[in-house]
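Okay, here's what each chain looks like letter by letter:
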Amino acid sequence: MIPEEGPRVTDLRIDYDGATLLDHVHLSVSPGEIVALLGPSGSGKSSLLRCIAGVQAPESGTISWDGVDITRTPAHLRRIGLVFQDPLLFPHRDVEGNVSFGLRDQSPGQRSARVAQLLELVGLPGFGQRDVATLSGGEAQRVALARALAPRPRLLLLDEPFGALDRDLRDRLGVDVRNLLHAQGIPAVHVTHDRVEADLVADRVLTLADLTGAA
Amino acid sequence: MERDRPSLTHLRWAAIAPGTFVVALVAWPVAMVLVSGIGPGSLEVLAAASTWRIVAYTTAQALLSTALSLALALPVAYAVARLAIPLRRTILAVITVPFILPTVIVGLAFRELLPFPGTTAAIVVAHVFFNVGLVVRVVASLWEKVDPRYDQVGASLGLSPVATFRRVTLPLIRPAVLAATLLAFLFCFTSFGVILVLGDPALPTIEVEIYQRAIQRLDLSGAATLALLQLLVVVVAVAISSRQQEGLAVSQRLQHGESRQPVRGAVAIACTAFTYVLAVLVVVPLASLVSRSLRVGDSWGLQWYSLVAQPADDTSRSVPLLQSIELSLRYAAVATLVAVGLGLLACIGIQASRRRGVWVDALVTLPLGVSAVTVGLGLLLGSLRGPVDLRGWWLLVPLGQALVALPIVVRVVLPILRSFDPRMRDVAATLGASPVRAWMATEGAATAKAIGLAAALACAVSLGEFGATAFLVRLDTPTIPVQVVRLLGRPGEANIGQAAALSVILVAMTLIVVVAGERLRPRRGGGW
């Protein structure tokens, strides 16, 4: 048997309002791989991501990393990044304050260097002092991406991150995100209901049926 | 999509402490009132024609005051919400001032100002003074978010401006109008300090009658019966209002930005002019109070203020006035700490327990509906008949004040907490923040300013609180409002002069506290 590497979801069950939403879910992601997960809204894709990130608890099943069970590990100790459809930037912090949020154990010098580097990467150099309320939808989502990447997560989860943006911007950002993740070697699970976007971003495209059917 | 947040479920326990506090200090006293109210004496009270005259009079003056407040407030709300009038924020601040002023002090100000003190008209004027600002604030906060293009649609369909207001605008702002009406009615119906100082002694309201029976005639069961009747009317008023609210739950998309039009046209000009006149009128009673405190005989001077600093003499007063100031500050400090601490816990608990949080919410809002006099009477009865005799215990006073201030703390902090997307905390967690740091960095940081504002309002309310305090305070430890009422009960110019000087000092203290808190008012969200 090949030793497990990276994240693996085994036989997961997720309930919503007393009813079973997903059952017998299996998923693994190879190092550096971007997996797109396709499915209609309300089908439980977001719940799956929330369980992997640790902000929601599954009813049963395990989530492991390199073979170590992390199902009960609190979210803040998992080093798994999560980007929502809404940017959810902290309104009381400026762009720099948002991006540096996960960089607590670094010196101020290191922190601002990392923030500058990430803002450069997402195409927003010099935006550090901007009030987040003044950002456009696309800019805000780029800042959210920079914020999630800053602490160097070992896995990035993207929950319809471009859902609120128009087609043109969506395609452009899709390519950017793909290049960014590959350059940093960060594996990702990208949830979307848009086939074109999935093909654009991901190395492997799965549907929910792929996760639950062939175990 | 906000379930199963295992790290947060324990926050639900945060609701326990404030819940217990309210149960112990409101529900229990109210139960005491209930138990005491039902006795052989209560039938006598209920059978007396005078009782029903008092209930009818209380209701009538409250309805009249509420109707007048609404009539005067609507044009102002329109100007403030819809028109780009100069000094808009200042005007809004000025007309809100009365609401935070101590009732006893406003009573005194109007007693000195009006040519007809001791009449129903005087009471109504003072009540309108208190409530116009509140109604304007509540109504305007919804009105400014209603898309102005609805009015334009009305006009384009051939409706006159009056018809547009009646058939388009009013239905859209009606939830706020109803909420403001209920608040104003409850305020006027349970009003105590104003009526005690300004009313006709031959025409008591329920509150005044409760006070006189309990404190002067020592007829506790009669007082409790009346408190029960009063509670009944309050419950009926709240029930009618929520029935009405349900019927008109219109879902509309509110705009975030506010767009105000230039002042053009006869209606807009008239409303704007009226707004300025009202803002000036609000200052008049305060000015008259200051002038009264400086008038010594036929000339002007600081004599009354210097008397405040002097030790007590046996002829005019038994407690040094300076001591009242110190006492008021000490009680208010304790009450603020208790109200803010418990209010914050309640908010966290309400937020964490979601659907069940409604009950905690209703529980901590209870003191808003139950009158301060009922709270005071209940606490007094409780302290007499509880397992331990707590009568005259100093802590009862700040606890009663904290109870009156608690709903305000929750009303200020909760909307800010609610406007915060709970997923922010998830974001913080995935960025490596522990649950405590995640809360501090998100909701904690966002509510810090709201907590400051809530503390200031709680402090202002406690400083001026009279209804509950009057029942709980010991004879030798009067707070400023209690001392003012005592001074007014004695004849002679010196007593009125000192009451006025003391009132000005209290108003100054209140304003300083609230202005400091207002500086912290969050830029976004928050109705109050």
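No experiment lies behind these values; they were computed from the predicted model shown. (Residues numbered from 1 in each chain as written. Chains lettered and ligands numbered in written order. Predicted model: local features only at pLDDT ≥ 70, side-chain atom pairs only at ≥ 80, totals over all residues. Heavy atoms only, no water.)

1. Let's talk about the overall build of chain A
Inference 1: A tally of regular secondary structure across chain A gives 7 helices and 9 strands.
Inference 2: Out of the 215 residues belonging to chain A, those deemed buried represent 51%.
Inference 3: Counting contacts in chain A only where the partners sit at least 6 residues apart, residues at least 24 apart contribute 71% of the total.
Inference 4: Surface accessibility of chain A: about 9,200 Å² in total, with carbon and sulfur atoms responsible for 51%. (Helix = DSSP H or I, 4+ residues; strand = E, 2+ residues; numbered from the N terminus. Buried < 20%, exposed > 50% of the residue type's maximum accessible area, 1.4 Å probe, protein only. Contact = heavy atoms within 4.5 Å. Areas by Shrake-Rupley, 256 points an atom, 1.4 Å probe, with all protein chains shown as cover.)

2. So, the sheet that holds strand S3 (residues 34-38) of chain A
Residue and element names in this part refer to chain A.
Inference 1: Ordered in space as S6-S7-S8-S3-S9, the 5 strands form an open sheet in which the pairing is parallel. Among the strands making up the open sheet, the edge pair consists of strand S6 (80-83) and strand S9 (204-207). Across the sheet, the axes of successive neighbouring strands diverge by a mean angle of 20°, strand direction being ignored.
Inference 2: Relative to strand S8 (residues 188-192), S3 runs parallel, the two sharing 5 bridges. Bridge pairing in S8 places Val 35 opposite Val 189.
Inference 3: Contacts between helix H1 (residues 45-53) and the sheet are confined to S3, S6, strand S7 (155-159) and S8, with S7 contributing the most and set at about 155° to the helix. (Pairing = 2+ DSSP bridges. Axes fitted to C-alpha atoms, helices over the stretch in contact; angles between N-to-C directions.)

3. Quick word on the interface of chain B and chain A
Inference 1: Chain B puts 25 residues into the contact, and the matching count from chain A is 29 residues.
Inference 2: Applying the counting criterion to the chain B and chain A interface returns 2 salt bridges.
Inference 3: When the shortest N-O distance is used, the salt bridge between Asp 86 of chain A and Arg 423 of chain B registers 2.3 Å.
Inference 4: Run the count over chain B and chain A and you get 3 residue pairs in polar contact (both at pLDDT 80 or more).
Inference 5: Residue assignment for the side of chain B that touches chain A shows that the elements contributing at least two residues are helix H17 (423-430) and helix H18 (435-464) of chain B.
Inference 6: Its residues placed into classes, the side of chain B that touches chain A shows 12 nonpolar, 4 polar and 9 charged. (Salt bridge = Lys/Arg side-chain N within 4 Å of Asp/Glu carboxyl O. Polar contact = N/O pair within 3.5 Å; in protein donor to acceptor, adjacent residues only side chain to side chain. Nonpolar A, V, L, I, M, F, W, Y, C, P; charged D, E, K, R; others polar.)

4. Some points on H18 of chain B
Inference 1: Of all the bends found along H18 of chain B, the most pronounced is centred on Gly 444 of chain B and spans about 50°.
Inference 2: In terms of residue burial, H18 of chain B counts as a mostly covered element, since 22 of its 30 residues are buried. (Bend = angle between axes of the 7 residues up to and from the residue.)

5. What about the packing of helix H4 (residues 137-149) of chain A against helix H5 (residues 167-184) of chain A?
Residues and elements named next belong to chain A.
Inference 1: Packing of H4 against H5 leaves a shortest axis separation of 12 Å and a crossing angle of 15°. Taken as axis vectors, H4 and H5 run roughly parallel relative to one another. Here the hand of the crossing between H4 and H5 comes out right-handed. Here H4 contributes Gly 138, Arg 142, Leu 145 and Leu 149 to the contact with H5, which in turn contributes Leu 169, Arg 172, Leu 173, Asp 176, Val 177, Leu 180 and Leu 181.
Inference 2: When the residues that make up the contact of H4 with H5 are grouped by side-chain class, the tally is 7 nonpolar, 1 polar and 3 charged. (Parallel < 35°, antiparallel > 145°, perpendicular 65-115°, else oblique. Left-handed = near helix turned anticlockwise from the far one by under 90°.)

6. Things to note about unusual backbone geometry
Residues and elements named next belong to chain A.
Inference 1: Positive phi is not limited to glycine here, since Arg 79 has a value of about 55°.
Inference 2: Within the element layout of this structure, Arg 79 appears in the loop between strand S5 (68-69) and S6.
Inference 3: Its relative accessible area of 47% is what places Arg 79 among the partly exposed residues.
Inference 4: Of note, Glu 160 is a non-glycine position whose phi angle comes to about 45°, a positive value.
Inference 5: Looking at the element boundaries, Glu 160 is found in the loop between S7 and H5.
Inference 6: On the basis of relative accessibility, which here comes to 9%, the residue Glu 160 falls in the buried class.

7. As for helix H3 (residues 49-82) of chain B
Inference 1: Along its 34 residues, H3 of chain B runs 49 Å from first to last C-alpha, staying within 8% of the 50 Å computed at 1.5 Å per residue.
Inference 2: The largest bend in H3 of chain B amounts to roughly 30° and is located at Ala 73 of chain B, with the proline Pro 75 of chain B lying one to four residues further along. (Expected span 1.5 Å × (residues − 1).)

8. Remarks on the nonpolar core
Inference 1: Core analysis: the biggest nonpolar cluster contains 148 residues, and Phe 21, Val 139, Ile 210, Leu 377, Phe 471, Val 484 and Leu 502 of chain B have the highest contact counts within it.
Inference 2: Here the element with the most residues in this core is helix H6 (residues 120-143) of chain B; it accounts for 16 residues.
Inference 3: Taken together, domain 1 (30-301) and domain 2 (312-528) of chain B each give at least three residues to this core, which thus spans both.
Inference 4: Listed in part, the 42 residues of the second largest apolar core include Leu 12, Val 29, Val 191 and Leu 211 of chain A. (Core = buried A, V, L, I, M, F, W, Y, C linked by side-chain atoms within 4.5 Å. Domains from an automatic or database assignment.)

9. What to know about the environment of Gly 137 of chain A
All names here are of chain A.
Inference 1: Following the sequence through the fold, Gly 137 ends up in helix H4.
Inference 2: On the basis of relative accessibility, which here comes to 44%, the residue Gly 137 falls in the partly exposed class.
Inference 3: Residues Gly 137 and Leu 169 lie 32 residues apart in sequence; the distance between their C-alpha atoms is 9.9 Å.

10. Examining the packing of aromatic side chains
All names here are of chain B.
Inference 1: Scanning the entire structure with this criterion turns up 12 aromatic pairs over all chains.
Inference 2: Measuring from centroid to centroid gives 5.7 Å for Tyr 78 and Trp 143, while their planes differ by 50°, and the two rings are tilted. Taken together, the residues span a long stretch of sequence, with Tyr 78 in helix H3 and Trp 143 in helix H6 at a distance of 65 residues.
Inference 3: Seen in terms of ring centroids, Trp 143 and Phe 165 are 6.1 Å apart; in terms of plane orientation they differ by 35°. Their pairing is tilted. On the criterion of sequence distance, the pair formed by Trp 143 in helix H6 and Phe 165 in helix H8 (residues 161-189) is long-range, its members being 22 residues apart.
Inference 4: Trp 143 sits in the buried class, given a relative accessible area of 3%. (Phe/Tyr/Trp six-rings, centres within 6.5 Å; stacked < 30°, edge-to-face > 60°.)

11. So, the environment of Trp 52 of chain B
Residue and element names in this part refer to chain B.
Inference 1: Take Trp 52: it is sitting in helix H3.
Inference 2: Through-space distance from the C-alpha of Trp 52 to that of Ile 206 is 9.7 Å; in sequence the pair is 154 residues apart.
Inference 3: Polar side-chain contacts of Trp 52 include one of 2.6 Å to the backbone oxygen of Leu 46.

12. Details of the sheet that holds strand S2 (residues 19-28) of chain A
Within a sheet, each strand pairs with its neighbour through backbone hydrogen bonds, oriented either parallel or antiparallel.
Residue and element names in this part refer to chain A.
Inference 1: With antiparallel pairing, the 4 strands of this open sheet are ordered in space as S2-S1-S4-S5. Taken across any chain shown, the strands that pair with only one partner, and hence form the sheet edges, are S2 and S5.
Inference 2: When strand S1 (residues 7-16) meets S2, the two strands line up antiparallel, connected through 6 bridges. Bridge pairing links Val 9 to Leu 27 in S2.
Inference 3: Packed on one face of the sheet, H1 meets S1, S2 and strand S4 (60-65) and runs near 125° to S1.

13. Some thoughts on the side chain of Ser 293 of chain B
All names here are of chain B.
Inference 1: Take Ser 293: it is sitting in helix H12 (residues 266-294).
Inference 2: A residue is classified by how much of its surface remains accessible, and Ser 293, at 0% relative accessible area, is buried.
Inference 3: Here Val 290 takes part through its backbone oxygen, which lies 2.7 Å from a polar atom of the side chain of Ser 293.

14. A look at the confidence of the model for chain B
All names here are of chain B.
Inference 1: Per-residue pLDDT for chain B has a mean of 83; in total, 87% of the residues score no lower than 70.
Inference 2: Put simply, helix H1 (residues 16-37) is where chain B has its lowest mean pLDDT, 70, and H3 is where it has its highest, 94.
Inference 3: Note that residues 524-528 has pLDDT below 50 and, in this model, 10 contacts with residues that lie over four places away or in other chains. (pLDDT = per-residue confidence, 0-100.)

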